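# Geometric and topological summary
For reference, the chains in residue letters:
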Amino acid sequence: MSTDSVTLAVDKRGIATVTLNRPGLHNALDDETISMLAATLETLAEDNTVRLVVMTGTGISFSAGHDPEWLRRLAQFPANELNRYAQQIARLLHTLDTLPKPTLAKVQGSAFGLGVAMVACCDIAISVSEALYSLADVKFGQIPALTAPYLIRAIGERPTRRYSITAERFNAGKAKRLGLIHQVVENDELDASVEHMVGQILLNSPAAMRATKHLIGEIGKQEITPQVMQRCIEHSLAVRLSDEGREGMRALIEMRKPGWMD
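Residues numbered from 1 in each chain as written. Predicted model: local features only at pLDDT ≥ 70, side-chain atom pairs only at ≥ 80, totals over all residues. Heavy atoms only, no water.

The name given to the chain in an unreviewed UniProt entry is Enoyl-CoA hydratase, with Chromobacterium phragmitis as the source organism. According to the UniProt record, the Sequence similarities (unreviewed entry) comment for the chain is "Belongs to the enoyl-CoA hydratase/isomerase family." (UniProt positions renumbered as here; feature names shortened; annotations may be inferred.)

So, in structure tokens, the structure goes:
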């Protein structure tokens, strides 16, 4: 599957690679690209043959955020059209954040604005060392209202406050220290590093990873109360009694590989 702005490739292992494909515009996003990207992710969410989704871009940038030309046109739109566009962005980020599969950001170049938020929404992020990051909304008289919840969760409130207010650029090393990125590699190491992580994920039960992601999303910011612990028990029992949960325990006892590794 491909369009002018987004491409999708799924290999025989069930690894889906979603690629932003506007290299001449540093993979900046307009309304069409955002809509197509959200629709692609929604399709993958329903595809039981897909084990993992890799997000990346073509060219020297992961994503420069919003397309300036589109923003110029958007500035002439009435409030109802602005609201529709905001809803599109909210849909994209929510879909990526809650995708019921592991997601891996393969950050082959710099990410700004909405591009940073997409990285923050992925479960795992591997970046080349030369990539730069920036939250530059305030430079253009805007605020990161739609991306802030994901950024705060990824790097914390105070760093989000600093970088959203200053709009300064920071490098991949700083992004790793902040928690936005999990691994920083050189350009010629990126493919191998991503493939190593893919191999690690393929060892695991798809259903258990899906349930783990849902559980963490549900309880991540809650206090540890008896009610929260009861929900954790319920999640644990549901997975343990599932087909993959039973298969995993049998494989452990029988000292063999579980069925999902065949």
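### A word on the sheet that holds strand 10 (residues 183–185)
The six strands lie next to each other as 1-2-3-5-7-10, forming an open sheet whose pairing is mixed. Two strands bound the open sheet, and with one partner strand each, they are strand 1 (6–10) and strand 10. Averaged over all neighbouring strand pairs, the angle between strand axes comes to 20°, with direction disregarded. Across six bridges, the pairing between strand 2 (residues 15–20) and strand 3 (residues 52–57) is parallel. Bridging from a neighbouring strand, Leu-20 pairs with Gly-57 of strand 3. (Pairing = 2+ DSSP bridges. Helix = DSSP H or I, 4+ residues; strand = E, 2+ residues; numbered from the N terminus. Axes fitted to C-alpha atoms, helices over the stretch in contact; angles between N-to-C directions.)

### Some points on the environment of Ala-39
When you line up the elements, Ala-39 lands in helix 1 (residues 31–45). Residue Ala-39 is classed as partly exposed on the basis of its relative accessible area of 29%. Distance in space between the C-alpha atoms of Ala-39 and Ser-5 is 13 Å, their sequence separation being 34 residues. (Buried < 20%, exposed > 50% of the residue type's maximum accessible area, 1.4 Å probe, protein only.)

### Structural notes on helix 5 (residues 148–155)
Among all positions of helix 5, only Ala-148, Tyr-150, Leu-151 and Ile-155 are buried. Down the axis of helix 5, the buried side of the element spans an arc of 160°, and every buried residue falls inside it. Residues of helix 5 that are buried sit in contact with helix 3 (79–98), helix 4 (114–121), helix 6 (157–166) and helix 7 (172–178). (Arc of directions from axis to C-beta. Contact = heavy atoms within 4.5 Å.)

### Comments concerning a negative patch on the surface
Together, Glu-130, Glu-186, Asp-188 and Glu-189 line one region of the surface with negative charge. Inspection of the secondary structure puts Glu-186 in the loop between strand 10 and helix 8 (190–202). (Patch = residues over 30% accessible without salt bridge, like charges linked within 9 Å, V, L, I, M, F, W, Y side chains within 5 Å. Areas by Shrake-Rupley, 256 points an atom, 1.4 Å probe, with all protein chains shown as cover. Salt bridge = Lys/Arg side-chain N within 4 Å of Asp/Glu carboxyl O. Lys, Arg positive; Asp, Glu negative; His and termini not counted. Charge placed at Lys NZ, Arg CZ, Asp CG, Glu CD.)

### Points about the packing of aromatic side chains
For the structure shown, the criterion picks out three aromatic pairs. Between Trp-70 and Tyr-85, the aromatic rings sit 5.5 Å apart at their centres with planes inclined by 70°, giving edge-to-face as the arrangement. Taken together, the positions of Trp-70 in helix 2 (residues 68–74) and Tyr-85 in helix 3 put the pair 15 residues apart, joining distant regions of the chain. Across the pair, Tyr-85 and Trp-70 agree in class, each one buried. Centroid distance Tyr-163 to Phe-170: 4.6 Å. Interplanar angle 50°. Geometry classified as tilted. As far as the burial class goes, Tyr-163 and Phe-170 line up, both buried. By way of ring pairs, the aromatic residues Tyr-133, Tyr-163 and Phe-170 are connected into one cluster. (Phe/Tyr/Trp six-rings, centres within 6.5 Å; stacked < 30°, edge-to-face > 60°.)

### A look at the sheet that holds strand 8 (residues 132–134)
With mixed pairing, four strands are arranged side by side in an open sheet as 4-6-8-9. Either end of the sheet is taken by a strand with one partner, and the two such strands are strand 4 (61–63) and strand 9 (170–171). The pairing of strand 4 with strand 6 (residues 110–112) spans two bridges and is parallel. From the neighbouring strand, Ser-61 faces strand 6, where its bridge partner is Ser-110.

### Concerning the domain arrangement of the chain
Domain boundaries assigned for the chain yield domain 1 (6–202) and domain 2 (205–254). One C-alpha centre belongs to domain 1, the other to domain 2; they are set 28 Å apart. Each partner contributes to the interface: domain 1 provides 11 residues, whereas domain 2 provides five residues. Interface area for domain 1 against domain 2, summed over the two sides, is near 550 Å², with a carbon-plus-sulfur share of 62%. Ranking the residues of domain 1 by area buried against domain 2 places Arg-51, Pro-100 and Ile-201 at the top, with a combined share of 54%. Counting across the interface, domain 1 meets domain 2 through one salt bridge. (Domains from an automatic or database assignment. Buried area = accessible area lost by both parts, 1.4 Å probe.)

### Examining the packing of helix 4 against helix 5
Orientation of helix 4 relative to helix 5, taken along the N-to-C sense of each, is 55°, at an axis distance of 9 Å. One way to sum up the angle between helix 4 and helix 5 is to call them oblique. Every pair of crossing elements has a handedness; the one defined by helix 4 and helix 5 is left-handed. In this structure, helix 4 uses Val-116, Ala-117, Ala-120 and Cys-121 to contact helix 5, whose residues at the interface are Tyr-150, Leu-151, Arg-153 and Ala-154. (Parallel < 35°, antiparallel > 145°, perpendicular 65-115°, else oblique. Left-handed = near helix turned anticlockwise from the far one by under 90°.)

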